[in-house]
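# Descriptive structure summary
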Amino acid sequence: MSTKIKRAIVMGATSGIGREVVRELARQGWQVGITGRRDDVLRDVMAEEHQVTAMQRIDITHDDAPELLLQLIERIGGIDLYFHSSGIGYQNTALDTGKELATVETNALGFTRMVDAVFHYLAERPERPAGIAVISSIARTKGLGAAPAYSATKRYVSHYMECLSQLCRIRHLSHIRLHDIRPGFVRTPLIADGNGYPMQLDPQRVARSIVRGIGRGRSVITIDWRYRLLVAGWRLIPRWLWVRLPISTEKK
Ligand SMILES: NC(=O)c1ccc[n+]([C@@H]2O[C@H](COP(=O)([O-])OP(=O)(O)OC[C@H]3O[C@@H](n4cnc5c(N)ncnc54)[C@H](OP(=O)(O)O)[C@@H]3O)[C@@H](O)[C@H]2O)c1
């Protein structure tokens, strides 16, 4: 067995699932570089985790984000895994356009900006197998009227990963592995908005499932088994019936 230290960058390491993935990777001996927008929180995480050796404030909605990410990758000496957790979301039955556009900026445009940068970086380095793992959501399965941009951008993320998987075949980039992670509701600040969310998952357990799934080379990781059943059921519902279902947990 190789004793080489593995290196990862976690984008969105200051909170929720990203924070727990940092903890899990560190526990398993990975060297980790962390990023997000909140400098003070990044510093706290770095102080808590000895395996975190570098940090960089990055806002993925800004044009300089790819350059800053590449600098961070170089500072930790390359990567075996890029983990993209950054995302925002709202229940928005009022259809506040500002919230919808902010969601698209972060979850679709910011996501594309960063994942493309990493893809190009890895494509030029075929000597080193590496993974790109991103979080979509079970919200990708069907259009959710209570969270239009969130649901649509999560579909986008998922679809984009499928596209990149095929692109890897077209360009013979067999050293790049792509992972689309699809959790159900996870108890993090993202859903601490006062609305009711059923079947909440523990973020530490979710992080363990994520790291295990990546280690096993899974291209799609739906967490957990109850949500696997739920989305299988959702897929069977025809569109005419789906649009009539009042699926929302937003409190009025
Ligand atoms: N919680 C759930 O129920 C759930 C379910 C399915 C999927 N997901 C997805 O899982 C991912 C993580 O969500 P979470 O629940 O862990 O939420 P969270 O606790 O709110 O964490 C979101 C992370 O995204 C970062 N972020 C937000 N905007 C950013 C930007 N412009 N640039 C860089 N980083 C940014 C935040 O860091 P800063 O604020 O420091 O920038 C934070 O670290 C999201 O993509 C979310 O859609 C969550």
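Residues numbered from 1 in each chain as written. Predicted model: local features only at pLDDT ≥ 70, side-chain atom pairs only at ≥ 80, totals over all residues. Heavy atoms only, no water.

### Some remarks on the sheet that holds strand β1 (residues 7–11)
Inclusion rule: Here, strands pair whenever DSSP counts at least two bridges between them. Every helix listed is a DSSP run of H or I at least four residues long, and every strand listed is a run of E at least two residues long, numbered separately from the N terminus. For helices, the axis comes from a line fit to the C-alpha atoms of the stretch in contact; other axes are also lines fit to C-alpha atoms, and the angle between any two N-to-C directions lies between 0 and 180 degrees. Throughout, a contact is declared for two residues whenever any of their heavy atoms are within 4.5 Å.
Read from one edge to the other, the open sheet built from 7 strands follows the order β3-β2-β1-β4-β5-β6-β7, with strand pairing classed as parallel. On the outer flanks of this sheet lie β3 (52–57) and β7 (220–223), each paired with one strand and no other. Strand-to-strand twist in this sheet, taken as the mean axis angle between neighbours without regard to direction, amounts to 15°. With 5 bridges joining them, β1 and strand β2 (residues 31–36) adopt parallel strand pairing. Opposite V10, over in β2, you have I34 as the bridge partner. Sitting on the sheet, helix α4 (residues 97–123) is in contact with β1, β4 (81–84), β5 (130–135) and β6 (176–183), with an inclination near 170° to β5.

### Side note on helix α7 (residues 225–236)
The test is simple: By this rule the span expected of a helix is its residue count minus one, scaled by 1.5 Å. Counted as a polar contact is a pair of N or O atoms within 3.5 Å, where, for protein atoms, one must be capable of donating a hydrogen and the other of accepting one, and residues adjacent in sequence contribute only when both atoms are in side chains.
Between the first and last C-alpha of α7 there are 17 Å, a value that for 12 residues agrees with the 16 Å anticipated at 1.5 Å per step. For α7, the capping residue at the N-terminal end is D224, with a side-chain oxygen 3.2 Å from the backbone nitrogen of R226.

### Structural notes on helix α3 (residues 65–75)
Applied cut-off: Burial here depends on accessible area, computed with a 1.4 Å probe over protein chains only, as a share of the maximum for the residue type. Under 20% is buried, over 50% is exposed, and the range in between is partly exposed. This arc is taken over the directions from the axis of the helix to the C-beta atoms.
What α3 keeps buried is the set A65, P66, L68, L69, L72 and I73. Seen end-on, α3 carries its buried residues on one side only, within an arc spanning 160°. Contacts from the buried residues of α3 go to β1, β2, β3, β4 and α4.

### Details of the nonpolar core
To keep things clear, this is the line we draw: The term nonpolar core refers to a set of buried residues drawn from Ala, Val, Leu, Ile, Met, Phe, Trp, Tyr and Cys, joined through side-chain atoms within 4.5 Å.
One finds V21, L25, I34, F83 and I210 to be the most contacted residues of the largest nonpolar core, which totals 39 residues. Ranked by residue count, the leading element in this core is helix α6 (residues 203–215), at 5 residues. Core analysis: the second largest hydrophobic core is formed by 32 residues, L68, I132, V134 and Y160 among them.

### Quick look at the site of the ligand
Operational definition: Residue proximity to a molecule or strand is established when one non-hydrogen atom of the residue lies within 4 Å of it. Exposure was quantified through the Shrake-Rupley algorithm and a 1.4 Å probe, taking into account, for residues, occlusion by the shown protein chains and nothing else. Lys, Arg, Asp and Glu make up the charged group, whereas Ala, Val, Leu, Ile, Met, Phe, Trp, Tyr, Cys and Pro make up the nonpolar group; the residues left over, Gly among them, are polar.
Around the ligand, the structure places 31 residues, and the nearest of them are S15, R37, Y150, V186 and T188. Between an oxygen atom of the ligand and a main-chain N or O atom of G12, the distance comes to 3.2 Å. Measuring from an oxygen atom of the ligand, one finds a backbone N or O atom of G87 at 3.4 Å. Isolated, the ligand exposes 880 Å² of accessible area, and the fraction of that covered by the protein chains is 95%. Elements supplying a minimum of two residues to the shell around the ligand: α1 (16–27) and α5 (148–170). Split by residue class, the shell around the ligand holds 13 nonpolar, 14 polar and 4 charged.

### Topic: the pairing of β6
Every regular strand shows the same layout, with side chains that alternate between the two sheet faces. Note the following rule: Here the term right-handed applies to a crossover when the path leading from its first strand over the helix to its second strand runs clockwise, the strands being oriented away from the viewer.
Among the 8 residues in β6, 7 count as buried, and that is most of the element. When β5 meets β6, the two strands line up parallel, connected through 6 bridges. Pairing of A130 across the sheet is with I176, part of β6. The pairing of β6 with β7 spans 4 bridges and is classified as parallel. Among the inter-strand pairings, D180 is bridged to a residue of β7, identified as V220. The β-α-β motif built from β6, the intervening α6 and the parallel element β7 has left-handed crossover chirality.

### Describing a nonpolar patch on the surface
Definition in use: Residues qualify for a patch when their relative accessible area is over 30% and they have no salt bridge, like charges being joined within 9 Å and the nonpolar side chains of Val, Leu, Ile, Met, Phe, Trp and Tyr within 5 Å. The term salt bridge refers to a side-chain nitrogen of Lys or Arg lying within 4 Å of a carboxyl oxygen of Asp or Glu.
Taken together, the side chains of W240, L241, L245 and I247 make up a nonpolar region of the molecular surface, amounting to roughly 360 Å² of accessible area. Within the secondary structure, L241 sits in helix α8 (residues 239–242).

### A short note on the pattern of salt bridges
Tallied over the full model, the rule gives 12 salt bridges. With a closest N to O distance of 2.7 Å, R19 and E48 form a salt bridge. In this pair, R19 is assigned in helix α1 and E48 in helix α2 (residues 39–48), connecting sequence segments 29 residues apart. Here R23 makes a salt bridge to E20, at a shortest N to O gap of 3.1 Å. You can see R23 and its partner E20 sitting in helix α1, 3 residues apart, about one turn around the helix. Owing to a relative accessible area of 32%, R23 belongs among the partly exposed residues under this scheme.

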